Amino acid sequence: MSSVPPPVNSEARMFGAEDLITAYSKTTGQDLPVQELPLPSEFAWGTATAAYQVEGGAFRDGKGDSIWDTYSHLEPSRTNGENADVTCNHYELMLEDVDLMSQFDVDVYRFSISWSRIIPLGGRNDPINEKGIAFYDSLINKLIERNIEPVVTLYHWDTPQRIYDRYGAFLNTTEFEADFKHYAHLCFTRFGDRVKKWITFNEPYITSIFAHLNGTLAPGHCREKGTDTKTEPWRVGHTIILSHASVVEMYASTFQPLQKGSISIVLNGHFYEPHDANSQQDIDAAQRRMEFYIGWFGDPVFLGQDYPAAMREYLGDRLPGFSAEERELLRRTCKINAFYGMNHYSTKYARQLTDPPAYDDWTSNVEESAINSEGVEIGPPSAAQWLRVAPEGFRKLLNWVWKRYRLPIIVTENGCPCIGEKDVEVAVNDQFRQRYVGLYLDSISRAINEDGVKVEGWYVWSFLDNYEWAAGYGPRYGIVHIDFDTLKRTPKNSAWYLKRSLKTRRGRSA
Ligand code: PNW
């Protein structure tokens with residue numbers, strides 16, 4: 001890595017007069033490492049987006065509604081009064097967008113397909129929308145023309161509304177699995193000659209918990225809405241695991257021999273440190289929190305095993321069981337997954353609570369916080385309340401995942417929002433983001449070079465400022481600024497910083 005860049009414009013700094021380097025020492029009591037660290041020459045650098053967040057064209061050319069089209073139009077609004085009917089209008093500006101990203105010398109573009117754009121009603125007996133297919137065809141062709149590898153997510157949260165209306169989507173495992181398999185089959189058939197890396201689901205944890213327990217994301221199930229938050233999230237997770245496994249099996253048997261691509265899933269998760277480093281309870285709580293977050297999906301999917309023992313013990317029969325047949329499916333498919341897709345942003349402290357837990361507790365009564373028992377902060381805050389800068393935790397998580405699953409890791413999302421980025425002048429001088437990504441890339445370098453972890457690539461979240469789900473257009477994660485009134489794209493300095501930095505990969509000339 002090239003060294004963290006010097007301050008560009010002190011007016012744009014996140015902490016008034018102090019920058020992230022000073023803020024880091026102050027909050028953590030440690031100095032920030034700023035040396036240059038190398039990455040392997042074959043390491044892939046990419047950008048990432050998701051269909052609903054960037055496409056717009058929500059009702060164009062025969063697209064069917066997704067649960068996000070419904071959710072973002074609810075009254076009273078649950079999405080900051082904003083929807084993504086237009087958002088970045090990537091649907092119309094796609095050719096220009098690919099040209100722009102090719103200026104950053106990216107190797108990869110990770111995007112998702114909108115299921116209801118290509119099967120408007122979503123189901124296995126429903127009609128196909130050729131206009132929707134044509135859009136993804138031209139996107140894929142344009143990427144290949146620009147020498148950018150398409151990495152495709154099949155499901156990034158935008159379930160066809162009709163599937164939800166018919167049977168509750170993930171709440172009906174058999175129906176969902178059959179419809180998802182049919183949709184995946186269509187994608188492999190139509191795009192698999194050119195797409196060589198597939199991701200079935202993005203962040204099943206978030207779909208399970210945020211969409212079916214906290215209710216902050218579509219379809220917004222939560223106790224206040226009268227849904228069964230005690231069991232629904234675990235059923236949703238179960239459906240995702242089994243749907244993933246059957247699609248992996250179908251890909252391996254029917255498509256892989258000819259298409260020669262690879263497939264896996266993307267799991268998100270924080271790293272957890274004990275709130276009190278001297279308390280065995282908190283040490284155990286941190287470990288268990290990661291099992292409840294990552295092991296929940298990782299153990300069945302990558303190890304072909306049951307859920308982590310700690311989950312079975314704590315959740316009892318709230319957690320569905322795998323039948324003998326399902327266990328067989330997991331066992332047969334677990335080794336087909338070619339990589340571990342990791343979305344990662346931050347680290348937290350975990351503290352074991354002793355009070356009786358809430359009715360629908362999903363953490364095993366572990367409290368998360370940004371400050372430990374000594375008053376030390378995990379890292380400086382970003383513009384998102386839950387996201388603090390903690391590159392050491394990232395390195396530890398890479399090690400944790402590698403040790404548990406022994407699969408090459410691709411960091412499929414990583415990035416942060418900065419304060420005040422609506423204003424394009426502030427956004428362009430995104431020194432905070434440059435430091436954040438520089439530090440996180442250095443953690444990858446250390447994990448590879450010093451710890452022996454296999455990490456094959458890193459995709460920044462996100463290519464464009466976009467619609468941040470329930471938070472609307474507030475937080476901006478892009479390395480390209482979008483003026484949502486004019487849709488003008490302006491690269492931020494982090495885009496050029498990443499282009500320069502990734503040039504120095506071992507064996508590549510600067
Ligand atoms: C991811 N958390 O979501 C999603 O894959 C993206 O679509 C999203 O825009 C991005 O991260 C930024 O939020 C997450 O609370 C949402 O830990 C919340 C969390 C993590 C990831």
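Structure: above.
Predicted model only: the values in this text are computed from it and were never measured.

A. Up close: helix α6 (residues 130-145). The end-to-end C-alpha distance of α6 is 22 Å, a good match for the 22 Å that 16 residues give at a rise of 1.5 Å each. Turning to α6, its buried residues are G132, I133, F135, Y136, L139, I140, K142 and L143. Looking one or two residues past α6, N147 carries a phi angle of roughly 65°, positive in sign.

B. The site of the ligand, seen in detail. The environment of the ligand is formed by 18 residues, the closest being Q53, H156, E413, E468 and W469. Contact with the protein chains hides 94% of the accessible area of the ligand, taken as 450 Å² for the molecule alone. For the shell around the ligand, the residue count by class is nine nonpolar, six polar and three charged.

C. Quick peek at the sheet that holds strand β4 (residues 197-202). Pairing in this closed barrel of eight strands is parallel, and the strands run β1-β2-β3-β4-β5-β7-β10-β11 around the ring. Sheet twist, expressed as the average angle between the axes of neighbouring strands with direction ignored, equals 25°. Two strands pair when backbone bridges link them, and strand β3 (residues 149-155) and β4 are joined in this way by four bridges, in the parallel orientation. Looking across to β4, one finds that V152 is bridged to W198. Across the face of the sheet, helix α16 (residues 431-449) comes into contact with β10 (409-414) and β11 (455-461) while running at roughly 170° to β11.

D. Representation of empty space enclosed by the protein. By the definition in use, this model includes four cavities of 30 Å³ or more. Roughly 90 Å³ of internal volume is contained in the largest cavity. I67, Y155, T207, A211 and A218 are, among the 15 residues lining the largest cavity, the residues nearest its centre. Of all elements in the fold, only α3 (67-71) and α9 (204-212) reach the threshold of two or more residues within the lining of the largest cavity. Considered class by class, the residues forming the lining of the largest cavity number twelve nonpolar, three polar and no charged.

E. Spatial organisation of the side chain of S346. Along the chain, S346 turns up in the loop between β7 (340-343) and β8 (347-352). Polar contacts involving the side chain of S346 include one to the main-chain carbonyl oxygen of R388, which spans 2.7 Å. Once residues within four sequence positions are removed from consideration, S346 is found in contact with H270, F271, W386, L387, R388 and Y440.

F. Just the environment of A218, in detail. Assignment of secondary structure puts A218 in the loop between α9 and α10 (232-259). Expressed as a C-alpha distance, the spacing of A218 and T207, which sit eleven residues apart in the sequence, is 8.5 Å. Those residues in contact with A218 that lie beyond four places of it in its chain are I67, W68, Y71 and A211.

G. Quick look at the environment of H212. Checked against the element boundaries, H212 lands in helix α9. Counting along the chain gives 23 residues from H212 to R235, while the straight-line C-alpha distance between them is 9.7 Å. For H212, the contacting residues outside a window of four places in its chain are F170, L171, T207, P219, H221, T229, E232, P233 and V236. There is a polar contact of 2.9 Å between the side chain of H212 and the backbone oxygen of T207.

H. Local environment of the pairing of strand β1 (residues 44-48). Of all five residues in β1, five are buried; the element is thus mostly enclosed. Residues of β1 alternate between two faces, with A44, G46 and A48 on one and W45 and T47 on the opposite face, all of them buried. Two elements, β1 and β11, share five bridges in a ladder whose sense is parallel. Across the sheet, residue A48 finds its bridge partner in β11, namely W461. Relative to strand β2 (residues 108-112), β1 runs parallel, the two being bridged by three bridges. Across the sheet, residue A48 finds its bridge partner in β2, namely R110.

I. Region of interest: the layout of surface pockets. Roughly 890 Å³ of volume is contained in the largest pocket. Of all elements in the fold, only α9, α11 (280-303) and β9 (366-369) reach the threshold of two or more residues within the lining of the largest pocket. Considering every element that reaches the lining of the largest pocket, the biggest residue donor is α9, with four residues. Split by residue class, the lining of the largest pocket holds 20 nonpolar, twelve polar and seven charged. The space that makes up the second largest pocket amounts to roughly 350 Å³. Of all the secondary-structure elements, those providing two or more residues to the lining of the second largest pocket are α1 (20-28), β6 (271-274), β8 and α14 (391-405).

J. Representation of the sheet that holds β9 in the model. The strand order β6-β8-β9 describes an open sheet built from three strands, whose pairing is mixed. Single-partner strands in this sheet number two, and they are β6 and β9. Between one strand axis and the next, the sheet turns by 40° as a mean value, whatever way the strands run. Examined bridge by bridge, β8 and β9 share four bridges and lie antiparallel to one another.

K. Region of the structure containing unusual backbone geometry. A cis amide bond, omega -10°, links E75 with the succeeding residue P76. Structurally, P76 can be placed in the loop between α3 and α4 (90-102). With an omega of 15°, the peptide bond between W461 and S462 qualifies as cis. Positive phi is not limited to glycine here, since R406 has a value of about 50°. Position of R406 among the secondary structure elements: in the loop between α14 and β10.

L. Just the pattern of salt bridges, in detail. By the definition in use, this model includes 38 salt bridges. Note that E328 is salt-bridged to R331, the shortest N-O span being 2.8 Å. Remark: R331 and E328 occur in helix α13 (residues 324-333); sequence separation between them is three residues, near one turn of the helix. Here R388 makes a salt bridge to E377, at a shortest N to O gap of 2.6 Å. Taken as a pair, R388 in the loop between β9 and α14 and E377 in the loop between β9 and α14 lie far apart in primary sequence, eleven residues in all. The class for R388 is buried, based on a relative accessible area of 17%. The class for E377 is partly exposed, based on a relative accessible area of 24%. Salt bridges linked by common partners bring E421, D430, R433, D465, R476 and K492 together as one network.

The rules behind each value
Residues numbered from 1 in each chain as written. Predicted model: local features only at pLDDT ≥ 70, side-chain atom pairs only at ≥ 80, totals over all residues. Heavy atoms only, no water. Helix = DSSP H or I, 4+ residues; strand = E, 2+ residues; numbered from the N terminus. Expected span 1.5 Å × (residues − 1). Buried < 20%, exposed > 50% of the residue type's maximum accessible area, 1.4 Å probe, protein only. Near = heavy atom within 4 Å. Areas by Shrake-Rupley, 256 points an atom, 1.4 Å probe, with all protein chains shown as cover. Nonpolar A, V, L, I, M, F, W, Y, C, P; charged D, E, K, R; others polar. Pairing = 2+ DSSP bridges. Axes fitted to C-alpha atoms, helices over the stretch in contact; angles between N-to-C directions. Contact = heavy atoms within 4.5 Å. 1 Å grid on protein atoms, 1.4 Å probe; cavity = no way out; pocket = protein on both sides within 12 Å on 5 of 7 lines; lining within 4 Å. Points joined across faces, edges and corners; volume = space filled by probe spheres on them. Polar contact = N/O pair within 3.5 Å; in protein donor to acceptor, adjacent residues only side chain to side chain. Salt bridge = Lys/Arg side-chain N within 4 Å of Asp/Glu carboxyl O.

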